[in-house]
Amino acid sequence: KQWYQRRVRGAQRRDKIFVTITVRDCPKNYALQVEPRRISFTGSNPEQNKKFELNLELYGEIESEEYKQKSSDRNIQLCLQKRRKEEGEYWPRLLESKTRMHFLKTDFNKWKDEDETDDDDETNTWENMMSSMNIDGTEGDSEEEAQDSDDDDLPDLEDEKEFEKLE
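Residues numbered from 1 in each chain as written. Predicted model: local features only at pLDDT ≥ 70, side-chain atom pairs only at ≥ 80, totals over all residues. Heavy atoms only, no water.

Q: When you look at the sheet that holds strand S9 (residues 104-106) in this model, what are you seeing that I'm missing?
A: Strands pair in a sheet through their backbones, by hydrogen bonds, and they do so in one of two ways: parallel or antiparallel. Ordered by their spatial adjacency, five strands build an open sheet running S7-S8-S3-S2-S9, and the pairing between neighbours is mixed. Of all the strands in the sheet, just strand S7 (62-71) and S9 have a single pairing partner and so form its edges. This sheet shows a mean twist of 25° between the axes of neighbouring strands, independent of strand direction. The pairing of strand S2 (residues 8-12) with S9 spans three bridges and is parallel. Within S9, the residue paired with Arg-9 across the bridge is Lys-105. (Pairing = 2+ DSSP bridges. Helix = DSSP H or I, 4+ residues; strand = E, 2+ residues; numbered from the N terminus. Axes fitted to C-alpha atoms, helices over the stretch in contact; angles between N-to-C directions.)

Written as structure tokens, this is what we have:
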């Protein structure tokens, strides 16, 4: 039997790695192993007489005991927690090897750049900014401050006859 490679998509955030492995040719007949620096996948499709194998040597370490998995007939989605040396450390690449792997693509739906904030951080920043600017007007104003100087009465408009003379 010949061994075939699986298609993989990957993305990272400050504290997580996302890996999606395509399994539509072997949705039930597979084995997945997650280790601190490696993800291994083997599967088979007896009807097509095919075997599949995938070994990903990761750039850094992950918490191999603490990962989330969502499986379907089409793919396996993994959310892996990075084992951090420094807070918010991004890996320069997903795999240890600098060689481009033809089966590995970037998952731009899950990707975030280092300079992008997480949604929770962005929400908190937005709320803090709005409260500091007093956009909702909750602070009590004194009556004197509430009356603006430009609220004074305006003089009446000039008579229409004056405009007709100008024409």
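Q: Got a minute to help me understand the pairing of strand S4 (residues 30-35) in this structure?
A: Regular strands place their side chains on alternate faces of the sheet. Bridge count between S4 and strand S5 (residues 38-45): six bridges; the pairing is antiparallel. Its bridge partner being in S5, Val-34 is matched across the sheet by Ile-39. Counting the residues between successive antiparallel strands, the hairpin from S4 to S5 contains two residues.

Q: Looking at this model, I keep getting lost on the pairing of strand S6 (residues 50-57). Mind explaining?
A: Across eight bridges, the pairing between S5 and S6 is antiparallel. Bridge assignment links Gly-43 to a residue of S6, and that residue is Phe-52.

Q: What's the story with the side chain of Asp-107 in this structure? I'm lost.
A: With respect to the helices and strands, the residue Asp-107 is situated in the loop between S9 and helix H1 (119-133). With residues near it in sequence (within four places) discarded, Asp-107 still touches Arg-9, Gly-10, Ala-11 and Thr-20. (Contact = heavy atoms within 4.5 Å.)

Q: Got a minute to help me understand the pattern of salt bridges in this structure?
A: Should the charged atoms of two oppositely charged side chains come close, the side chains can pair. Under the defined criterion, the tally for this structure stands at six salt bridges. Glu-57 serves as the salt-bridge partner of Arg-38, at 2.4 Å between the closest nitrogen and oxygen. A residue pair is termed long-range when its members are at least 10 positions apart, and Arg-38 in strand S5 and Glu-57 in strand S6 qualify at 19 residues. The class of Arg-38 is partly exposed, set by a relative accessible area of 28%. Overall, the relative accessible area of 30% leaves Glu-57 in the partly exposed class. As a salt-bridge pair, Arg-83 and Glu-61 come within 2.8 Å of each other at their nearest N and O atoms. A residue pair is termed long-range when its members are at least 10 positions apart, and Arg-83 in the loop between strand S8 (75-82) and S9 and Glu-61 in the loop between S6 and S7 qualify at 22 residues. (Salt bridge = Lys/Arg side-chain N within 4 Å of Asp/Glu carboxyl O. Buried < 20%, exposed > 50% of the residue type's maximum accessible area, 1.4 Å probe, protein only.)

Q: When you look at the environment of Lys-112 in this model, what are you seeing that I'm missing?
A: Mapped onto the fold, Lys-112 is located in the loop between S9 and H1. The class of Lys-112 is buried, set by a relative accessible area of 12%. With 98 residues separating them in the primary sequence, Lys-112 and Arg-14 have C-alpha atoms 8.6 Å apart.

Q: Please clarify how unusual backbone geometry should be interpreted in this entry.
A: In this model, Asn-49 sits at a positive phi of 55°, which is unusual for a non-glycine residue. One can find Asn-49 in the loop between S5 and S6. Judged by its relative accessible area of 43%, Asn-49 falls in the partly exposed class.

Q: How should the nonpolar core be read in this particular structure?
A: The nonpolar side chains of a soluble globular protein tend to be buried with one another. One finds Val-8, Val-19, Phe-41, Leu-56 and Leu-80 to be the most contacted residues of the largest nonpolar core, which totals 22 residues. Elements represented by at least two residues in this core include exactly strand S3 (16-22), S5, S6 and S8. (Core = buried A, V, L, I, M, F, W, Y, C linked by side-chain atoms within 4.5 Å.)

Q: Would you mind showing me how to read the layout of surface pockets here?
A: The method is simple in principle: a probe with the dimensions of a water molecule rolls over the atoms, and the space it marks as empty is what remains. Put simply, the largest pocket is a space of about 350 Å³. What lines the largest pocket is a set of 17 residues, and nearest its centre among them are Arg-93, Leu-94, Leu-95, Leu-104 and Thr-106. Secondary structure elements with two or more residues in the lining of the largest pocket: S2 and S9. In terms of residue class, the lining of the largest pocket is made up of eight nonpolar, five polar and four charged. (1 Å grid on protein atoms, 1.4 Å probe; cavity = no way out; pocket = protein on both sides within 12 Å on 5 of 7 lines; lining within 4 Å. Points joined across faces, edges and corners; volume = space filled by probe spheres on them. Nonpolar A, V, L, I, M, F, W, Y, C, P; charged D, E, K, R; others polar.)

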